[in-house]
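Observations on chain architecture
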Amino acid sequence: MQDMQYGKKARRAAVAVVSAAMVTVLATACGPGNDGPGTPSVAATASAAPSAASAAPTKGSTPSGGPATGAASSSGAASAGAAAPTCAAGDLKADAHQAKQRPDGTGVGAAIVAFTNTSARPCTLQGFPTVAGAANGSPDRNAPLAVAHTGSAAPVRLAPGGKAWVKLTFVQVQGEADGYCVSGATPVAYPTLVLGLPGAGAHQVALDDGLFAECDNKVTTTALLATSPS
């Protein structure tokens, strides 16, 4: 329960840290004009280079084309063998929660992000996401994280209402209050993440409770999966 309490305690402590920290990286990466309230800054070093995740989020993304071969999904979202186009960015809804299996520590550790097909037709997702930390405002003002991949990618066919998932595992924060990083870096807590999906736009998502607290601006991600990881 210690790590679950971090999200709530960190709302005050981490937001203060973030508020004082993230301006540096986000301002460097994108310049002034972040329209989000309480835009945090990042004391930890992060790349200021634009990434695929810097594209407009779901509402503003351009639908992508290109058919992909479907694969079975335990979400009830797919049937094998049927071809379906790549999901349009505007047809996907993203939500995130803390993973049950995560590294020891007091940060979020790991998160599960689900993408739901909100359209009336099947579509397909495949590949690994890009990941960037962001405030609550414009997703274009973000700090890309260094991404490592685990596992392999396969097409996931989503029926209407079906889901695909990715699991993000962070370098865990240690200790109480603002915590510390084993590497000696300063912990960072992002209010939201921006995930760029191959051919399916960028999607800004917040945890259902707390912040994305992590160390070293690194994340390991699975490919999009047909079944929810734990």
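The structure presented is a predicted model; accordingly, all values stated were derived computationally and were not measured.

As a further point, take the overall build of the chain. From N to C terminus, the chain includes one helix and 14 strands. Here the chain holds 230 residues, and 50% of them are scored as buried. The long-range share in the chain, meaning contacts at least 24 apart out of those at least 6 apart in sequence, stands at 76%.

The next point concerns the state of the cysteines. Using the criterion set out here, one finds two disulfides in the structure. Between the sulfur of C87 and that of C123 lies a disulfide, 2.0 Å long from S to S. Disulfide C87-C123: torsion about the S-S bond near 85°, hence right-handed. Residue C87 is found in the loop between β2 (83-85) and β3 (92-98), and its partner C123 is found in strand β5 (residues 123-125); the two are separated by 36 residues along the sequence. Look at C87 and you get buried, because its relative accessible area is 0%. On the basis of relative accessible area, C123 is assigned to the buried category, the value being 4%. One disulfide in the model links C181 with C215; its S-S distance is 2.1 Å. Residues C181 and C215 are joined through a disulfide that is left-handed, its torsion about the S-S bond being -90°.

The next thing to look at is the packing of aromatic side chains. Inspection of every chain in the model, using the stated rule, returns one aromatic pair. Taking the centre distance of 6.3 Å and the plane angle of 55° together, the rings of F170 and F212 count as tilted. Of this pair, F170 sits in strand β10 (residues 163-171) while F212 sits in strand β14 (residues 212-222), and the two are 42 residues apart along the sequence. With relative accessibility at 4%, the residue F170 sits in the buried group. Residue class for F212 comes out buried when judged on its relative accessible area of 0%.

Before going further, it helps to examine the pairing of strand β4 (residues 110-117). Looking along a regular strand, one sees side chains alternate from face to face of the sheet. Counting buried residues along β4, eight of its eight residues qualify, which places the element largely inside the surrounding structure. Alternating residues of β4 divide into A110, I112, A114 and T116 and A111, V113, F115 and N117, and every residue in both groups is buried. The sheet contact formed by β3 and β4 spans seven bridges and is antiparallel. Bridge pairing in β4 links D95 to A114. Across seven bridges, β4 lies against β10 in antiparallel orientation. Of the residues in β10, the one forming a bridge with V113 is V166.

Attention now moves to the nonpolar core. Of all hydrophobic cores here, the largest spans 31 residues; its most connected members are F115, L125, L168, F170 and L195. For this core, the secondary-structure elements that each account for two or more residues are β3, β4, β5, β9 (156-158), β10, β11 (188-190), β12 (192-196) and β14. For this core, the element with the most residues is β10, which contributes four residues. In contact with F170, not counting residues within four places along its chain, are P103, V108, G109, A110, A111, L145, L193, F212, E214, K218 and V219. Counting residues in hydrophobic clusters, the runner-up holds six residues, among them V173, L211, A213 and C215.

Attention shifts here to the side chain of T192. With respect to the element layout, T192 can be found in strand β12. From its side chain, T192 meets the backbone oxygen of A135 in a polar contact 2.6 Å long.

Right, let's get into the confidence of the model for the chain. Looking at the chain as a whole, the pLDDT averages 75, with 64% of positions reaching at least 70. This stretch, residues 1-56, has a pLDDT under 50; its non-local contacts, to residues over four places away or in other chains, come to 126 contacts. Scored below 50 in pLDDT, residues 58-80 shows 55 contacts in the model against residues more than four places distant or in partner chains.

Note on backbone geometry: most residues besides glycine have negative phi, and most peptide bonds are trans. The backbone of A177 sits at a positive phi, close to 55°, despite the residue not being glycine. As for its position among the elements, A177 is in the loop between β10 and β11. One non-glycine residue, N217, adopts positive backbone phi at about 55°. Mapped onto the fold, N217 is located in strand β14. Residue classification places N217 among the buried positions, given a relative accessible area of 4%.

Each value, and the rule that gives it
Residues numbered from 1 in each chain as written. Predicted model: local features only at pLDDT ≥ 70, side-chain atom pairs only at ≥ 80, totals over all residues. Heavy atoms only, no water. Helix = DSSP H or I, 4+ residues; strand = E, 2+ residues; numbered from the N terminus. Buried < 20%, exposed > 50% of the residue type's maximum accessible area, 1.4 Å probe, protein only. Contact = heavy atoms within 4.5 Å. Disulfide = S-S within 2.5 Å. Phe/Tyr/Trp six-rings, centres within 6.5 Å; stacked < 30°, edge-to-face > 60°. Pairing = 2+ DSSP bridges. Core = buried A, V, L, I, M, F, W, Y, C linked by side-chain atoms within 4.5 Å. Polar contact = N/O pair within 3.5 Å; in protein donor to acceptor, adjacent residues only side chain to side chain. pLDDT = per-residue confidence, 0-100.

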